[in-house]
There are 2 protein chains.
Amino acid sequence: MSVKTPAGGRRQPTIHEVAASAGVSIGTVSRVAGESPRVAPETRARVLAAMAELGYQPNAAARAMRTNQTKTIGFLIPDMTNQVFARVAQGAETVLAPEGYMLFAFSSNRSPAREVAFLQAARQRQMDGLIVTLSDETATATIEEIGRMGVPVVVLDREVPVEADVVYSEHMQSIETVVGQLLELGHRRIGLVTASQNIRPGRDRVAGFRRALERAGLPVDDWLIRANRQSAEYGAAETHDLLTGANPPTAILAAGSDIFYGALRAVRLLGLTIPDDISFVGADDPLLGDLVYPPITVIDRDMVEVGRQAAGLLLDRLRGLDMPPRRIMLGSNVLLRRSIAAPRHR
Amino acid sequence: MSVKTPAGGRRQPTIHEVAASAGVSIGTVSRVAGESPRVAPETRARVLAAMAELGYQPNAAARAMRTNQTKTIGFLIPDMTNQVFARVAQGAETVLAPEGYMLFAFSSNRSPAREVAFLQAARQRQMDGLIVTLSDETATATIEEIGRMGVPVVVLDREVPVEADVVYSEHMQSIETVVGQLLELGHRRIGLVTASQNIRPGRDRVAGFRRALERAGLPVDDWLIRANRQSAEYGAAETHDLLTGANPPTAILAAGSDIFYGALRAVRLLGLTIPDDISFVGADDPLLGDLVYPPITVIDRDMVEVGRQAAGLLLDRLRGLDMPPRRIMLGSNVLLRRSIAAPRHR
DNA sequence: CTGTTAGCGCCTTCAC
DNA sequence: GTGAAGGCGCTAACAG
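The structure displayed is predicted, hence computed values, not measured ones.

Rules of the game
Residues numbered from 1 in each chain as written. Chains lettered and ligands numbered in written order. Predicted model: local features only at pLDDT ≥ 70, side-chain atom pairs only at ≥ 80, totals over all residues. Heavy atoms only, no water. Helix = DSSP H or I, 4+ residues; strand = E, 2+ residues; numbered from the N terminus. Rg over C-alpha atoms; globule rule 2.2 N^0.38 Å. Buried < 20%, exposed > 50% of the residue type's maximum accessible area, 1.4 Å probe, protein only. Contact = heavy atoms within 4.5 Å. Areas by Shrake-Rupley, 256 points an atom, 1.4 Å probe, with all protein chains shown as cover. Salt bridge = Lys/Arg side-chain N within 4 Å of Asp/Glu carboxyl O. Near = heavy atom within 4 Å. Polar contact = N/O pair within 3.5 Å; in protein donor to acceptor, adjacent residues only side chain to side chain. Phe/Tyr/Trp six-rings, centres within 6.5 Å; stacked < 30°, edge-to-face > 60°. Buried area = accessible area lost by both parts, 1.4 Å probe. Nonpolar A, V, L, I, M, F, W, Y, C, P; charged D, E, K, R; others polar. Least-squares fit on C-alpha atoms with pLDDT ≥ 70 in both. Pairing = 2+ DSSP bridges. Axes fitted to C-alpha atoms, helices over the stretch in contact; angles between N-to-C directions. Parallel < 35°, antiparallel > 145°, perpendicular 65-115°, else oblique. Core = buried A, V, L, I, M, F, W, Y, C linked by side-chain atoms within 4.5 Å. Left-handed = near helix turned anticlockwise from the far one by under 90°.

*Asks:* How should the overall build of chain A be read in this particular structure?
*Replies:* Broken down by element type, chain A carries 13 helices and 12 strands. Taken against the 2.2 N^0.38 rule, which gives 20 Å for 346 residues, the C-alpha radius of gyration of chain A at 26 Å runs more than 25% over that of a compact globule. Counting over 346 residues, chain A shows a buried share of 56%. For chain A, contacts bridging at least 24 residues in sequence account for 70% of all contacts bridging at least 6. Counting every atom, chain A has about 14600 Å² of accessible surface; 52% of that belongs to carbon and sulfur.

The following block contains the structure:
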C-alpha cells in the first residue's frame, strides 16, 4: 500500500514508524534524534537501531516549522563559473559546515532579477543566513529584498545601504602601486579595463588609477578607461579596441579575472609580445598568470580567506550577536612577474 | 511585541496576517498564492495588495509539509572551483528554472563522506530531485543512500548500480583518436595522466589509450599510465615524474581539466618547449588551450549540453514519467591545434 | 466564489 | 524516563 508521491518516489519513514518499530512513543524518538540526554541508554539503542533499519531522516520541513531553523545558509554569487567566487564558497564552507550548516550556492548570472528571485526563495525557505555578492549596487529591488530578509546577511565587497556586516577587499591601493610601477618604467599611456562602476571593485580600481596619475602630475585620458562589465568578452573587446586605436596604450591593466582572461586573449590574437610590445597586468587569477609565458604580474587576493571571514561574521550573528554592522577589509597583493617592462621607444 | 527569532530576525508575515489585512479568509489567500482561478478579480487584487504591502512570502516548510514538494533540485558536484561542473550547472538551470525549480549546488570536494551527508540533507529537505556527479563509484555508502532517496536522481558520467537515468560523455574513442594521431606522427612513448580508475572517465580514457596502442600492435608500458586522481597537483607531479624519468615519453596526454592545468605547469617549469620538446594534449578546457602559446590540442565536451540533457531527463521523471532508466551518450570533440608534432630524433 | 477545517511531521511542554 | 497533546503555516476538501 505504498503512497505514490507526485514524483513517483517511495514515501519516507516518519517518526511514527520509527516509534512503532522501536516500541516507544514518538516523543522518545524525537528525544533520541535531538540528542537529548534524558533517555535510557537501552531505549536509545533500540531507537537508533530502528532508525538505521528504516533509513529514517527527520523531515526538515516539519522541523523547520517547529524550530524556525533550517541549518541552511544561502550563498549568492554573480557567476558560478568564476573561480574567484567558488573559492569564497569553499572558504565559507570550512567555517560553517562544522557548525552543522549547509551552504547552498546559487548563481545569479549577474542578473538583478535573479538576485531578487533568490532572496525571495531564501526567505520562503527560511534560510538561517545569507552571504551575498550583488551584481549591481544600484538595483533597489535587491536592496529592499535584503531589508526584508529578517535573518543575518553578510555582504561581500559591495557598498549598499543595508544594515549588514560586510567583507571588503582592498583594490584602490594595489592599482595605485601597479600604476606607479608602470609610470616609473616610463609608461605614459596605460589602459585600464575593469568592472562596472555600479560595483565597488570597479569604482575603486578606477579611483586608484586616477589617483596614481594625478599624483604623478599626469593628465587622465578617459579614453583609456574601460569600466563597464565583468566578462571575458568585454575584456577582449575593450583590449582590442584600446590596442588598435590611433594612440594606443603601452600597458594594459586587466583588473578582474574574466577580463584578464579575455584581455590576454585579445593581446595574443593581435600577435603582440608581452612585455616587448605591451606591458600587461592581470588580476584575481594567479595560476593563469603563472601558466602563460612570460608569467604575468597579477593583483591577487585570498578569496578563501574572504569566505572564512564572511562566514565568521555570519556565525556570530547566528549565535545571537547584537551589535552594529561590522566591516572587515582584506588586502590584495601584487605578484610582480616578467610581464611588465619599459615601453618600447616608438 | 515582535518575536525574536534565534537569529534575532524579524518574524515573517503569515497567511493569517495577509488574510486579516485583506479582510478575507486564509483559504482565499491560499488560493491567490496558488494562482487558483476560482477567485473574484476584485478580491484577488485586494489580497495581492496586502501581500505586497506586508512583503509576504509563503513559508516553504509549511507548503512542503502539505504538498510533499519543495520545487528544489539538488546538484552535487565534486568540485565547485572546476569550471567543467559549473557549466553543467548552468545548463541544467536553463531547463529547470522555467519550470519553477531552484537549483542548489553543493560541492563534495571529492569526499564520499560529504556526498553521503549531502544526500541525507537532500532527503531531509525533501528535495524533489537530484543531479549528481559522484567522486568514487566504489563508495557503497553513497550508492545505498541514493537507493533510499525516493525521488528521481540523474547520474552524470558514472557507472553505478542504481536505478537512475544517466548522461554519459564519450571518452574512449576520442582518446583513441588522439593517440592514433600521435602514433602516426611517430611517437612511440606516450604518457597518459588522468582520473582515478574508480570513475568512468578515468577507466574509459585508460581503456581507449590501451586499445589504440594494441591496435597498432605496440606494447603498453604501464609506467606511462598515471590514473589516480583529479587535481592540478596530481597532474603536475605525475607529469614531472614522467618527463624526468629514465625513458620519458615524447608526448603527454593530460586528460582532465585540473590535470591539464597542472601538467602544463610542470612542462613549463621544466623549461620544455611545446611541441618541439614534447607534444601535449589537454582536455576539458578549450579556453586555456587557446590562451597559451602555442595553442594546445584539446579533447573537449559541451558541458552545458550535459547539464541540459540531465535536466531534461530529470524533468520527465518529475512529471511522472515511469519507465526503465534511460541513458544518453554525448560526444567529445578533438580540437586539433599546434601542440603536437613529430617527436624529435634523440 | 469564499469560509471552515483537518491534518502534513516534528518538537516541546506537561503529566505521569 | 517516557507518553500524550498542541500547534508551527499551509493546502485541499468540503460546505455554504
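*Asks:* In this structure, what is going on with the pattern of salt bridges? I would like to understand it.
*Replies:* For side chains of opposite charge, pairing can occur when their charged atoms come near one another. All names here are of chain B. Under the counting rule described, the total for this entry stands at 52 salt bridges over all chains. The residue arginine 205 makes a salt bridge to aspartate 284 at a minimum N-O spacing of 3.6 Å. Placement of the pair is arginine 205 in helix H9 (residues 200-215) and aspartate 284 in the loop between strand S9 (279-283) and helix H12 (286-291), with a sequence separation of 79 residues. For the pair shown, arginine 205 and aspartate 284 are each scored as buried.

*Asks:* Explanation requested: the protein's contact with DNA strand C in the structure shown.
*Replies:* Neighbouring residues of DNA strand C: 24 residues in total, closest Ile15 and Arg63 of chain A together with Thr43, Met65 and Arg66 of chain B. Protein-adjacent atoms of DNA strand C, using a 4 Å cutoff, are sugar or phosphate at a proportion of 56%. A distance of 2.8 Å separates a base nitrogen of DNA strand C from a polar side-chain atom of arginine 31 of chain B. If you list the elements that add at least two residues to the surface near DNA strand C, you get helix H2 (26-33) and helix H4 (60-67) of chain A together with helix H2 (26-33) and helix H4 (60-67) of chain B.

*Asks:* Hey, could you run me through the packing of aromatic side chains in this one?
*Replies:* Two aromatic rings, taken as a pair, are described by how far apart their centres are and by the angle between their planes. Tallied over the entire structure, the rule returns 5 aromatic pairs over all chains. Geometrically, the ring pair formed by phenylalanine 260 of chain A and phenylalanine 280 of chain A is tilted, given 5.9 Å between the ring centres and 35° between the ring planes. Here the residue phenylalanine 260 of chain A occupies a position in helix H11 (residues 257-269), and phenylalanine 280 of chain A occupies one in strand S9 (residues 279-283), the gap between them amounting to 20 residues. Under the relative-accessibility criterion, phenylalanine 280 of chain A is labelled buried at 0%. Relative to phenylalanine 118 of chain B, the ring of phenylalanine 106 of chain B lies with its centre 5.1 Å away and its plane at 15°, an arrangement referred to as stacked. With phenylalanine 106 of chain B in strand S2 (residues 102-107) and phenylalanine 118 of chain B in helix H6 (residues 112-124), this residue pair connects regions lying 12 residues apart in the sequence.

*Asks:* Help me understand the side chain of glutamate 145 of chain A in this model?
*Replies:* Within the secondary structure, glutamate 145 of chain A is located in helix H7 (residues 140-148). With sequence-adjacent residues up to four places away left out, glutamate 145 of chain A is seen in contact with Val116, Leu119, Gln120 and Arg123 of chain A.

*Asks:* Please clarify how the interface of chain A and chain B should be interpreted in this entry.
*Replies:* How large an interface is tends to be reported as the accessible area lost when its parts come together. The interface is formed by 66 residues belonging to chain A together with 66 residues belonging to chain B. For the chain A and chain B pair, buried surface summed over both sides reaches about 5600 Å², with 56% attributable to carbon and sulfur atoms. Counting every contact that joins chain A to chain B gives 4 salt bridges. With a closest N to O distance of 2.7 Å, aspartate 290 of chain A and arginine 265 of chain B form a salt bridge. Along the contact surface separating chain A from chain B lie 27 residue pairs in polar contact (both at pLDDT 80 or more). Here the side of chain A that touches chain B takes 7 residues from helix H6 (residues 112-124) of chain A, the largest share from any one element. Looking at the side of chain A that touches chain B residue by residue, the classes come out as 31 nonpolar, 19 polar and 16 charged.

*Asks:* I keep staring at the relation of the copies chain A and chain B and nothing clicks. Help me out?
*Replies:* Each of the two chain copies can be brought onto the other by rotation about an axis and movement along it. By a simple turn and slide, chain A fits onto chain B: the slide is 0.0 Å along the axis, the RMSD is 0.1 Å, and the turn is 180°. Both chain copies can therefore be described as sitting about a two-fold axis. When C-alpha distances to the rotation axis are compared across chain A, the minimum falls at alanine 61 of chain A, with a value of 2.2 Å. Counting the interface residues of chain A, we find that 100% of their copies in chain B are interface residues as well, pointing to one common contact surface.

*Asks:* What exactly am I supposed to notice about the sheet that holds S9 of chain A here?
*Replies:* All names here are of chain A. Strands sit in the order S7-S6-S8-S9-S10-S12 across an open sheet of 6 strands; the sheet is mixed. The sheet terminates laterally at strand S7 (225-227) and strand S12 (332-335), the two strands that pair on one side only. Strand-to-strand twist of the sheet, defined as the mean angle between neighbouring strand axes without regard to direction, takes the value 15°. In the packing of helix H9 (residues 200-215) onto the sheet, the strands contacted are strand S6 (190-194), S7, strand S8 (251-255) and strand S10 (297-301), and the crossing angle to S6 comes to about 170°.

*Asks:* Sorry if this is basic, but what is going on with the packing of H2 of chain A against helix H3 (residues 41-54) of chain A here?
*Replies:* Two quantities define a packed helix pair, namely the angle between the axes and the distance from one axis to the other. Residues and elements named next belong to chain A. Contact geometry for H2 and H3: axes closest at 10 Å, N-to-C directions at 85°. When the interaxial angle is binned, H2 and H3 end up roughly perpendicular. Across the interface between the two elements, Thr28, Val29, Val32 and Ala33 of H2 pack against Thr43, Arg44, Val47, Leu48 and Met51 of H3. Taken together, the residues of the contact of H2 with H3 sort by class into 6 nonpolar, 2 polar and 1 charged.

*Asks:* Would you explain the side chain of arginine 326 of chain B in this entry?
*Replies:* Residues and elements named next belong to chain B. Relative to the helices and strands, arginine 326 is located in the loop between helix H13 (303-318) and strand S11 (327-330). There is a polar contact of 3.2 Å between the side chain of arginine 326 and the backbone oxygen of leucine 313. In this structure, arginine 326 is in contact with Ala164, Asp165, Val166, Leu313, Asp316, Arg317 and Leu321, ignoring residues within four places of it in sequence.

*Asks:* Please explain the protein's contact with DNA strand D as it appears in this structure.
*Replies:* With respect to spatial proximity, 23 residues lie near DNA strand D, and among them Thr43 and Arg66 of chain A together with Ile15, Tyr56 and Arg63 of chain B are the closest. Considering the 4 Å shell around the protein, atoms of DNA strand D inside it are sugar or phosphate in 59% of instances. At a separation of 2.4 Å, a phosphate oxygen of DNA strand D approaches a polar backbone atom of isoleucine 15 of chain B. In the environment of DNA strand D, a phosphate oxygen lies 3.2 Å from a nitrogen or oxygen atom belonging to the backbone of asparagine 59 of chain B.

*Asks:* I would appreciate a short explanation of the nonpolar core in the present structure.
*Replies:* Among the nonpolar cores identified, the biggest contains 54 residues, and Phe75, Leu96 and Ile131 of chain A together with Phe75, Leu96 and Ile131 of chain B are the most heavily contacted of them. Non-local contacts of phenylalanine 75 of chain B, meaning those with residues more than four positions away in its chain, are made with Phe85, Val88, Ala89, Ala92, Leu103, Phe104, Ala105, Phe106, Phe118 and Ile131 of chain B. Counting 44 residues, the second-largest nonpolar core is a separate cluster that includes Ala121 of chain A together with Leu119, Ile146 and Ala164 of chain B.

*Asks:* Help me understand the packing of helix H10 (residues 232-243) of chain B against helix H11 (residues 257-269) of chain B in this model?
*Replies:* All names here are of chain B. Their axes nearest at 7 Å, the elements H10 and H11 cross at an angle of 40°. Taken together, the axis directions place H10 and H11 in an arrangement best described as oblique. Here H10 runs over H11; the crossing is right-handed. Here H10 contributes Ala232, Tyr234, Gly235, Ala236, Thr239, His240 and Leu243 to the contact with H11, which in turn contributes Asp258, Ile259, Gly262, Ala263, Ala266 and Val267. Here the residues of the contact of H10 with H11 sort into 8 nonpolar, 4 polar and 1 charged.

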